[in-house]
Amino acid sequence: MWPAASTITYGGLDCPDKVGLRSTQAALFDQLSLRSLRVTVRQVVPETLSMVRSEFAQLKMRKINNHIAESASPENPLVVDLFCGAGGLSLGFQMAGFKPCHSVDHDEAAVDTYRRNIGNHAERAEISAELVLPFADVIAGGPPCQGFSSAGPRRIGDHRNSLVGVFAEIVVKHRPRAFVFENVEGFLTAEGGSRVFELLEPLIRAGYRIHLRKINAANYGVPQHRKRVLAIGGLGWNPTFPQPTHRAFGAPGASLEGKDLPLGPTVKDALMGLPNAALDGIATAVLDHIYRAVEDDDLIRILALEQGHTMRDLPEEMWHDSYKRRANRRVMDGTPTEQRGGAPAGVRRLRFDEPSKAITGGARSEFVHPVENRYLTLRECARIQTFPDTFEFTGTVAERALQIGNAVPPLLAFHIGQRLIADLETNTRPQLSEGKLLSFIPTSSNGMSPVLQKLTAAVTDTFTRPTACEEQLSLWR
């Protein structure tokens, strides 16, 4: 098929792009003598092909260039942060040289935290496709993860899952120079992988050239194993995916990335310099560095845990009821629990000499200090998430814990932003007219679950095939 937007003009004759070479020749025959046709046909094939290539590419490029020329940011690149939470992503981007200009979240306590620490440009609102945003060079965000997260029950049809499509629609409507999407690893296999297509299809169709990969935050200097899906797209140009800065260790498969890099920081590194935590109700010099008293069965379990041990290392009679209910569950992606490392961990005592496991909203009641017989304080959780001690979280204890657990680690955001800001400086104008999936790396390990295998095959088949234009042009080569 010829590109639908093109019209080929040759010798004063307009030929719609759906007219093939034979129709073009017939039309020329009506206007030219047989003698001149012999000469013309030799020229029309390469010239028509060249015009089609040029016209198709230039139409889209003009639209993109006009959009950027009308709204280019003269100073620090601007970033909009959707689903901003407490502001971990904005903080990291700000450290990298971006200027956060507008942020949105529906959670009142999170927006209050954001405003207190980063700026008054945060808006409390429900995020929908009708949302109107100011100009920004980058739109970034991660829709609420609980619909996909393995840390909680996955719910088919959870309305939060559909916010992936809303994010894509917002990016397409506002057409920033780049976008960044971050989410939990369960995003890949949620509802059979359909959310991946919900994200990629409209963005690629709009002209974004995208990397989508699963990463471990520990490979970027964050002192925890935090596996996340990261998508980065450039409008008409190829973004550079941020390379790891550290070698992770202390978890199965963690060292597959960055083998020649320095070891990542540990829990001990993260907590270094903190004063002794205080019992709840006692004032402390460091914000949120208090712990609740542990007693009865909880204390018995904690005393029995060694560094690196979890609930499943304890005798069954010491398991609490909620853990027993989860201990024999099967994960939602089709892989039996016994093939995924056994039952969920429940309560665990962290190791000082390794990175932490992923900090969640429940870490304050699940993660035990490596050497003290108590749960982590909120400040210790924030340290492991790479928030500075001066960052003040607002709301109830439960709301603050959720803000910390849901945040993008600022240090991870810094490395993403640092790479992206360098790309924006060198890619001031788009060079490529078509969207494309540049890379899809859903795991760094050798094995895949059945659903992930199926997803990978479907993504490869859908997004790595030649475009219709490329297929048509290949016939003339």
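As shown above, the structure is provided for reference.
Below is a short write-up of the structure.

Calculation notes
Throughout this document, residue positions are counted from 1 along each chain, in the order its sequence is written. At least 70 in pLDDT is required for a residue's local features to be given in this predicted model, at least 80 for side-chain atom pairs to be given and counted, and no such filter applies to totals for whole chains, interfaces and linings, which use all residues. For side-chain calculations, the full set of non-hydrogen atoms in the structure is used, while hydrogens and water are omitted. Pairing of aromatic rings covers Phe, Tyr and Trp, the last through its six-membered ring, and needs centres within 6.5 Å; plane angles under 30 degrees mean stacked, over 60 mean edge-to-face, and all others mean tilted. By definition, any uninterrupted DSSP run of H or I lasting at least four residues is a helix, any uninterrupted run of E lasting at least two residues is a strand, and each is numbered from the N terminus. Burial classification: accessible surface area is computed with a 1.4 Å probe over protein chains only, and a residue below 20% of its type maximum counts as buried, one above 50% as exposed, and the rest as partly exposed. Two strands are said to pair when DSSP picks up at least two bridges between them. Working convention: axes come from line fits to C-alpha atoms, limited for helices to the stretch in contact. Angles between N-to-C directions cover 0 to 180 degrees. Throughout, a residue-residue contact means that at least one pair of heavy atoms, one from each residue, lies within 4.5 Å. Salt bridges are defined by distance alone: a side-chain nitrogen of Lys or Arg within 4 Å of a carboxyl oxygen of Asp or Glu. Distance and chemistry together define a polar contact, namely a pair of N or O atoms within 3.5 Å, with one atom able to donate a hydrogen and the other to accept it when in protein, and with adjacent residues in sequence counting only for side-chain atoms on both sides. An angle below 35 degrees is treated as roughly parallel, one above 145 as roughly antiparallel, one from 65 to 115 as roughly perpendicular, and anything else as oblique. Here the term charged refers only to Asp, Glu, Lys and Arg, the term nonpolar to Ala, Val, Leu, Ile, Met, Phe, Trp, Tyr, Cys and Pro, and the term polar to all other amino acids, Gly among them. A clockwise turn of the near helix away from the far one marks a right-handed crossing, whereas an anticlockwise turn of less than a right angle marks a left-handed crossing. By this rule the span expected of a helix is its residue count minus one, scaled by 1.5 Å.

With respect to the packing of aromatic side chains
Evaluation of the coordinates by the stated rule reveals 9 aromatic pairs. An angle of 70 degrees between the planes, with centres 6.3 Å apart, marks the rings of F167 and F179 as edge-to-face. Of the two residues, F167 is situated in helix α5 (residues 163-174) and F179 in strand β7 (residues 178-184); the sequence distance between them amounts to 12 residues. Both residues of the pair, F167 and F179, belong to the buried class. Ring centres of F167 and F181 lie 5.6 Å apart, and the angle between their planes is 55 degrees; this geometry places the pair in the tilted category. You can see F167 sitting in helix α5 and its partner F181 sitting in strand β7, a full 14 residues away along the chain. With respect to class, F167 is no different from F181; both count as buried. Cluster of aromatic residues (ring-pair linked, three or more members): F167, F179, F181, F187 and Y208.

Observations regarding the sheet that holds strand β8 (residues 208-216)
Hydrogen bonding along the main chain pairs the strands of a sheet, whether they run parallel or antiparallel. Read from one edge to the other, the open sheet built from 8 strands follows the order β5-β4-β3-β6-β7-β10-β8-β16, with strand pairing classed as mixed. Each edge of the open sheet carries a strand with a single partner, namely β5 (122-124) and β16 (436-441). If you compare each strand with its neighbour and ignore which way they point, the axes differ by 15 degrees on average. Alignment of β7 against strand β10 (residues 227-235), held across 7 bridges, turns out to be antiparallel. Paired with F181 across the two strands is A231, which belongs to β10. Its contacts with the sheet place helix α4 (residues 108-117) against β3 (78-82), β4 (99-105) and β5, and it is angled at close to 165 degrees to β5.

Comments concerning the pattern of salt bridges
Inspection of the entire model under this criterion finds 15 salt bridges. R177 serves as the salt-bridge partner of D137, at 3.1 Å between the closest nitrogen and oxygen. Taken together, the residues span a long stretch of sequence, with D137 in the loop between β5 and β6 (138-141) and R177 in the loop between α5 and β7 at a distance of 40 residues. In this structure, D389 engages R383 in a salt bridge whose closest nitrogen and oxygen atoms are separated by 2.8 Å. Given a relative accessible area of 16%, R383 falls into the buried group. In this structure, a network of salt bridges that share partners links the residues E191, R195 and E198.

Things to note about the side chain of E182
Along the chain, E182 falls in strand β7. Judged by its relative accessible area of 10%, E182 falls in the buried class. For E182, the side chain forms a polar contact with the side chain of R228, separated by 3.4 Å. Those residues in contact with E182 that lie beyond four places of it in its chain are G141, G142, P143, R228, V229, L230 and V408.

Digging into the packing of α5 against helix α6 (residues 194-205)
Here α5 crosses α6 at 10 degrees, and the two axes come no closer than 8 Å. By the angle class used here, α5 and α6 are roughly parallel. When α5 is examined against α6, the residues V164, G165, F167, A168, V171 and V172 are found in contact with a partner set consisting of R195, E198, L199, P202 and L203. Residues of the contact of α5 with α6, tallied by class, amount to 8 nonpolar, 1 polar and 2 charged.

Thoughts on unusual backbone geometry
Phi is positive for F83, close to 55 degrees, though the residue is something other than glycine. Within the secondary structure, F83 is located in the loop between β3 and α3 (88-96). Taking the relative accessible area as the measure of exposure, F83 reaches 13% and is therefore buried. Positive phi values are uncommon outside glycine, yet D288 reaches one of about 60 degrees. Its location among the elements puts D288 in the loop between β11 (278-279) and β12 (290-291).

Digging into the pairing of β6
Both faces of β6 are covered, namely the face carrying V138 and A140 and the face carrying I139 and G141. Where β6 and β7 come together, 4 bridges link them in parallel fashion. Opposite V138, over in β7, you have A178 as the bridge partner.

Let's talk about the packing of α6 against helix α13 (residues 450-463)
It is the contact of α6 with α13, at a shortest axis distance of 12 Å, that shows an interaxial angle of 10 degrees. With respect to their mutual orientation, α6 and α13 come out roughly parallel. Like other packed secondary-structure pairs, α6 and α13 cross with a definite hand, here right-handed. Contacts from V196, F197, L200, E201 and I204 of α6 reach α13 at L455, A458, V459, T462 and F463.

A look at helix α12 (residues 410-426)
For α12, built from 17 residues, the straight-helix expectation of 24 Å at 1.5 Å per residue is met to within 8% by its first-to-last C-alpha distance of 24 Å. Among the residues making up α12, those that are buried are P410, L412, A413, F414, H415, I416, G417, L420, I421, D423 and L424. Tucked into the core, α12 has its buried residues touching α3, β6, β7, β8 and β10.

Here we look at the environment of N238
With respect to the element layout, N238 can be found in the loop between β10 and α7 (267-271). Overall, N238 belongs to the partly exposed group, its relative accessible area being 36%. Taking the C-alpha atoms as reference, N238 lies 8.7 Å from N427; in sequence the two are 189 residues apart. Setting aside chain neighbours within four positions, we find N238 in contact with R209, L432 and L438. Within polar-contact distance, the side chain of N238 engages the side chain of R209 at 2.5 Å.

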